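Observations on the three-dimensional arrangement
As a plain string of letters, each chain reads:
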Amino acid sequence: QLQAYGGGLVQAGGSLRLSCAASGRTFSNYGVGWFRQAPGKEREFVAAIRWNGGATAYAESVKGRFTISRDNARNTVDLQMNSLKPEDTAVYYCASKRGIIISSMSGSTNYDHWGQGTQVTVSS
């Protein structure tokens, strides 16, 4: 089971740190991705990290502002979001897939475990 938390309301230019925690199983063999969905829009890829943290991927819209990291000892994957913009407002979801390769991690259909989502709202 995955749980995403850390969302909230922040002003434009501010920062938030989201966390994705796994329970009931070891996280270390799973690639993890973050996705987001704004009202009326399709779910889109944000960032992903390979099972050992050896590779990461980012959507162009968040490169240089967001950083994904993981701590397998704590069974968590974090998404540090800086310089937030109103267009970053969305529900953010984390997802995992055992052994997924980095080139596949931007596709939401490639994951089989999803967290419940956490709301991020950026005010202008």
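Provided above is the structure to which this section pertains.
About the cut-offs
- Residues numbered from 1 in each chain as written.
- Predicted model: local features only at pLDDT ≥ 70, side-chain atom pairs only at ≥ 80, totals over all residues.
- Heavy atoms only, no water.
- Phe/Tyr/Trp six-rings, centres within 6.5 Å; stacked < 30°, edge-to-face > 60°.
- Helix = DSSP H or I, 4+ residues; strand = E, 2+ residues; numbered from the N terminus.
- Buried < 20%, exposed > 50% of the residue type's maximum accessible area, 1.4 Å probe, protein only.
- Lys NZ or Arg CZ within 6 Å of the ring centre and 35° of its normal.
- Disulfide = S-S within 2.5 Å.
- Salt bridge = Lys/Arg side-chain N within 4 Å of Asp/Glu carboxyl O.

We now examine the packing of aromatic side chains. For the coordinates displayed, the defined rule picks out 4 aromatic pairs. Pairing phenylalanine 35 with tryptophan 114 gives two aromatic rings, centres 5.2 Å apart and planes at 50°, and the pair type is tilted. Linking phenylalanine 35 in strand E4 (residues 30–37) with tryptophan 114 in strand E10 (residues 113–114), this pair joins segments that are 79 residues apart in sequence. Relative to tryptophan 114, the ring of tyrosine 111 has its centre 6.1 Å away and its plane inclined at 65°; by these criteria the two rings are edge-to-face. For tryptophan 114, a relative accessible area of 28% gives the class partly exposed. An aromatic cluster is defined as three or more aromatic residues linked by ring pairs; in this entry it consists of Phe35, Phe45, Tyr111 and Trp114. Positioned above the aromatic ring of tyrosine 93, the side-chain terminus of arginine 43 is 4.0 Å from the ring centre. Over the ring of tryptophan 114 we find arginine 43; its NZ or CZ atom is 4.7 Å from the centre of that ring.

Under the criterion given, the structure shown has 1 disulfide. Here cysteine 20 is linked by a disulfide to cysteine 94, with a sulfur-sulfur distance of 2.2 Å. One disulfide, between cysteine 20 and cysteine 94, carries an S-S torsion of 70° and so falls in the right-handed class. With cysteine 20 in strand E3 (residues 16–22) and cysteine 94 in strand E9 (residues 90–98), this residue pair connects regions lying 74 residues apart in the sequence. A relative accessible area of 0% means that cysteine 20 is categorised as buried. Overall, the relative accessible area of 0% leaves cysteine 94 in the buried class.

The next point concerns unusual backbone geometry. A positive phi angle, close to 60°, is found at asparagine 75, a residue other than glycine. Within the secondary structure, asparagine 75 sits in the loop between strand E7 (66–71) and strand E8 (76–81). Judged by its relative accessible area of 15%, asparagine 75 is buried. Its identity is not glycine, yet serine 83 carries a phi of approximately 50°, on the positive side. Here serine 83 shows up in the loop between E8 and E9.

A few words now on the pattern of salt bridges. According to the stated counting rule, one finds 7 salt bridges in the structure shown. Among the salt bridges present, the one from arginine 17 reaches aspartate 78, with a minimum N-O distance of 3.1 Å. Taken together, the residues arginine 17 in strand E3 and aspartate 78 in strand E8 connect sequence positions 61 residues apart. Overlapping salt bridges, with partners in common, bring together Arg36, Glu44, Arg65 and Asp88 in one network.

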